[in-house]
Amino acid sequence: MGKYYITTPIYYPSDNLHIGHAYTTIAADALARYHRQIGDQVWFLTGTDEHGQKIQRKAGAAGVSPQAYVDGIVANIKDLWQRLQISNDDFIRTTEKRHEKAVQAIFEQLYRQGDIYKSEYEGWYCTPCEAFWTERQLKEGKCPDCGRDVELVKEESYFLRVSKYADRLIKHIEENPEFIQPVSRKNEMVNNFLKPGLEDLCVSRTTFDWGIKVPFDSKHVVYVWLDALSNYITALGYPEKTDLYCKYWPADLHLVGKEIVRFHTITWPIILMALGLPLPKRVFGHGWLVLDGGKMSKSKGNVIDPVLLIDKYGLDAIRYYLLREIPFGSDGYYTEDALILRINTDLANDLGNLLHRTLSMIEKFNQGVVPSPGTYQDLDQQVIKQSQESLIELKAAMEKLEINTALAAIFKLVSRANKYIDEAAPWALAKNPDLQERLHTVLYTMSETLRLVAVYLVPFLVETPAKIWEQLGLSGSPSSLEYNDAIKWGWLKPGVQTRKGNPIFPRIEVEKPKEEQPVEQKIAVPEKSPATQETGQITIDEFSRIDLRIAKVIEAEKVEGSDKLLKLKVKVLGAERQIVAGIAQHYQASDMVGKEIVVVANLKPAKLRGLLSEGMLLAASNDQGQLALVTPESMIGEGAKVR
Ligand code: MSP
């Protein structure tokens, strides 16, 4: 038993939040609930990042004061977290006095000790990201993170002596492999930002005033990222060494989206080092939820409102889909079809049916009472073994933050139990008076498996475990049990009167179920010209609509649960993309890294096994089942056009 301090990013209340923000918060909630369940003392913090130029402009455009503007949105955010049953222990707003006073104290301390100094800033600023960039860092004159326009800024500023701490930070990162995760993000930070050298960071602004005033120079407001990052300690009471602070700092996990890993693994540790404080144990940068048109974001207008989804499909269905569908850490493609498929297969068919069948049979064959088991046979032992193996997998996955794998482990047990019912055939046993003890053993095994499933699901789903519990006729709730007792086979006492209820996940009827097309069929093949229709030939114009490019493979890994798929990270036309390709039986992941391959660069993104695939690689295959990648005859560089 230990302590576990987990945080989400504090969100900008520039607009109402969408399902992408909910994704991070639900994942953090599952981790917080898991650690509470296993007996850790948990502190789970979320909140809002309310200052800065972006918010000030938004409020101006809406014709209200920044405070009035954020108050309205923050009320909606709090309401959203309630609807999603987020179990946070605190919610910090950066406009609260407790935070503002603490940030001023931090700024003052860093200034007094010489880690902050005054100078002049001249460079570029991305207001949507609230990030400073040097000329060299821009990509084709735009923000390298979000691709939007940047503004030239020239103003008197305070600077943080980041350069002084860079070597110490590199050493820390190298010595603590769990500090930045997944490991690809660690490599990116070290190679792209730390190794090329850090410049001192501008930490105050003078051209607008919606921020925390620098205590000794009120013309300046504190840079919004210094203000925001500090929330992780100010919410605990820092600079007072409160009980909360002493108990919970350093954080065990800062969970963030991949685009802000840089602030959390470079800027934030350097602030902490300068303050003489320990660094967070782990920063995990998860992937994005993407829709057609790329990362879901309000400014692109491609957002999904979580409230509408909950109303339509129910809270646990949404939580399950988000946590199960996307390998945690990778980008994932959101589609309503995939959501419905998950509800109908995993939740309605597998879990819902297991409960329904079990309770119906107990009702029919034993007056609704959970019977006493007799001697377990080999078949029963297989289910008991699976219940233990699923738990081991679940625990290991949660340690590694592989939330989707943890859920997959639980559903392995659900599937095994459904198969067990078919194999044990209680309906046949019921017909034979000599097999009553055997019938009782099978019915007990089914009920106890379901009880364990309810216990295992506690961190992830918020309504379902209690519903299963209630239908099994149990009192109390599966979340309040002592964990080590709750996970023991045999906890369920025979003699309980079950209470069969409505199906816990009704199937969603879809008018025309759309089969997911294989990715190969999604190439934007042009309409056939008359000439084409006759001869099967295409014109040069038709061919030229397919944008074939050279891409360089940066990373490759096997897709979990698939023999055929490799997930590649490639660089093409200056940007990184994820491509999922069916080549795992022919190429090892490690052989792929560094290769230049040919990809269809203008292929509409598609989803394979819940993973986003943003392009297709070309390979040749023959009738003997051999496969060979198409590669340039000599290295020519990514982005080169294949024509
Ligand atoms: N205010 C800063 C964070 C400061 S933390 C000290 C900020 N806010 S934000 O409102 O833009 O929220 C960004 C976070 O929301 C991401 O890091 C991620 O956790 C989550 N997401 C926003 N859009 C998302 C997707 N489309 N997909 C997944 N997560 C998304 O940055």
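Residues numbered from 1 in each chain as written. Predicted model: local features only at pLDDT ≥ 70, side-chain atom pairs only at ≥ 80, totals over all residues. Heavy atoms only, no water.

*Asks:* Quick one: what's the story with the overall build of the protein, residue by residue and with numbers?
*Replies:* Secondary structure assignment for the protein yields 22 helices and 24 strands. Over its C-alpha atoms the protein spans a radius of gyration of 28 Å, differing by no more than 12% from the 26 Å that the globule rule assigns to 643 residues. Across its three principal axes, the protein shows a C-alpha extent of roughly 90 × 75 × 50 Å. Among the 643 residues that make up the protein, the fraction classed as buried is 54%. A sequence separation of at least 24 residues applies to 74% of the contacts in the protein between residues at least 6 apart. When the accessible surface of the protein is summed, it comes to about 28,100 Å², and 49% of that surface belongs to carbon and sulfur atoms. Across the protein, the centroid of the 78 positively charged side chains sits 1 Å from that of the 84 negatively charged ones. (Helix = DSSP H or I, 4+ residues; strand = E, 2+ residues; numbered from the N terminus. Rg over C-alpha atoms; globule rule 2.2 N^0.38 Å. Buried < 20%, exposed > 50% of the residue type's maximum accessible area, 1.4 Å probe, protein only. Contact = heavy atoms within 4.5 Å. Areas by Shrake-Rupley, 256 points an atom, 1.4 Å probe, with all protein chains shown as cover. Lys, Arg positive; Asp, Glu negative; His and termini not counted. Charge placed at Lys NZ, Arg CZ, Asp CG, Glu CD.)

*Asks:* Provide a residue-level description of the domain arrangement of the protein, including the pertinent values.
*Replies:* Many authors give the size of an interface as the accessible area that is lost as the parts come together. By domain assignment, the protein separates into domain 1 (336-486) and domain 2 (530-629). Between the C-alpha centres of domain 1 and domain 2 the distance comes to 41 Å. (Domains from an automatic or database assignment.)

*Asks:* Lay out the pattern of salt bridges with the relevant residues and their values.
*Replies:* All chains considered together, the criterion is met by 44 salt bridges. Measuring nitrogen to oxygen at the nearest pair gives 2.6 Å for the salt bridge that ties Glu50 to Arg93. Of this pair, Glu50 sits in the loop between strand E2 (41-48) and helix H2 (53-62) while Arg93 sits in strand E3 (residues 90-93), and the two are 43 residues apart along the sequence. Judged by its relative accessible area of 15%, Arg93 is buried. The residue Lys281 makes a salt bridge to Asp252 at a minimum N-O spacing of 3.1 Å. Separated by 29 residues along the polypeptide, Lys281 in the loop between helix H10 (261-275) and strand E12 (283-286) and Asp252 in the loop between helix H9 (243-248) and strand E11 (253-257) bring together distant segments of the chain. Among the charged side chains, a network of salt bridges with common partners joins Lys118, Glu156, Asp217 and Lys219. (Salt bridge = Lys/Arg side-chain N within 4 Å of Asp/Glu carboxyl O.)

*Asks:* Any chance you could break down the site of the ligand for me, citing the residues and the numbers?
*Replies:* If you check the shell around the ligand, you find 25 residues, and the closest are Ile10, Thr24, Asp49, Glu259 and Leu289. Contact distances for the ligand include 2.7 Å between a nitrogen atom and a side-chain N or O atom of Asp49. Contacts to the ligand include His286, whose side-chain N or O atom sits 3.5 Å from an oxygen atom. Taking 680 Å² as the accessible area of the ligand by itself, protein coverage stands at 95%. The set of elements that each furnish at least two residues to the shell around the ligand consists of strand E1 (3-11), helix H1 (19-37), helix H7 (224-229) and helix H8 (231-234). Among the residues forming the shell around the ligand, the class breakdown is 13 nonpolar, 9 polar and 3 charged. (Near = heavy atom within 4 Å. Polar contact = N/O pair within 3.5 Å; in protein donor to acceptor, adjacent residues only side chain to side chain. Nonpolar A, V, L, I, M, F, W, Y, C, P; charged D, E, K, R; others polar.)

*Asks:* Pulling in residues and values, what's your account of helix H14 (residues 378-399)?
*Replies:* Compared with the 32 Å implied by 1.5 Å per residue over 22 residues, the 32 Å span of H14 between its first and last C-alpha is a close match. Of all the residues in H14, the buried ones are Asp380, Val383, Ile384, Gln386, Ser387, Ser390, Leu391, Leu394, Ala397 and Met398. Taken down its axis, H14 places every buried residue within 155 degrees of arc, on the same side. Turned more than 90 degrees off the buried face of H14, the exposed positions are Asp378 and Ile392. On its buried face, H14 sits against H1, helix H15 (403-424), helix H17 (436-457) and helix H19 (483-486). The positive-phi residue at the C-terminal boundary of H14 is Leu401, with phi of around 60 degrees. (Expected span 1.5 Å × (residues − 1). Arc of directions from axis to C-beta.)

*Asks:* Report on the sheet that holds strand E6 (residues 151-160), specifying residues and quantitative values.
*Replies:* Adjacent strands of a sheet form backbone hydrogen bonds with each other and so pair up, either parallel or antiparallel. An order of E5-E4-E6-E8 is seen for the 4 strands of this open sheet, with the pairing classed as antiparallel. With partners counted over all chains shown, the strands left at the sheet margins are strand E5 (131-133) and strand E8 (201-202), one partner each. Two elements, E6 and E8, share 2 bridges in a ladder whose sense is antiparallel. Of the residues in E8, the one forming a bridge with Phe159 is Cys202. (Pairing = 2+ DSSP bridges.)

*Asks:* Explain the pairing of strand E18 (residues 575-581) to me, using residue names and the numbers behind them.
*Replies:* For E18, the tally of buried residues reaches 5 of 7 residues, placing the bulk of the element in the interior. Note: strand E17 (residues 566-572) against E18, 7 bridges, orientation antiparallel. If you follow Lys567 over to E18, its bridge partner there is Val580. In sequence, E17 turns back onto E18 through a hairpin of 2 residues, with Leu573 there showing a positive phi of about 55 degrees.

*Asks:* Describe the packing of aromatic side chains, with residues and values.
*Replies:* The tally for this structure, following the rule as stated, stands at 24 aromatic pairs. Judged by centre distance (6.3 Å) and plane angle (70 degrees), the rings of Tyr376 and Trp489 are edge-to-face. Of this pair, Tyr376 sits in the loop between helix H13 (336-366) and H14 while Trp489 sits in the loop between H19 and helix H20 (530-535); the two residues are 113 residues apart in sequence, bridging distant segments of the chain. Taken together through their ring pairs, the aromatic side chains of Tyr5, Trp43, Tyr232, Tyr248, Trp249 and Trp268 make up a single cluster. Seen from the ring of Phe91, Lys78 lies directly overhead, with NZ or CZ sitting 4.9 Å from the centre. (Phe/Tyr/Trp six-rings, centres within 6.5 Å; stacked < 30°, edge-to-face > 60°. Lys NZ or Arg CZ within 6 Å of the ring centre and 35° of its normal.)

*Asks:* Which residues make up helix H5 (residues 166-175), and what values do they have?
*Replies:* Along H5, the positions that sit buried rather than exposed are Ala166, Leu169, Ile170 and Ile173. Projected down its long axis, H5 carries its buried residues within an arc of 100 degrees, all on one side. Of the exposed residues in H5, the ones pointing more than 90 degrees away from its buried face are Asp167, Lys171 and Glu175. Residues of H5 that are buried make contact with strand E7 (180-181), helix H6 (183-194) and H10.

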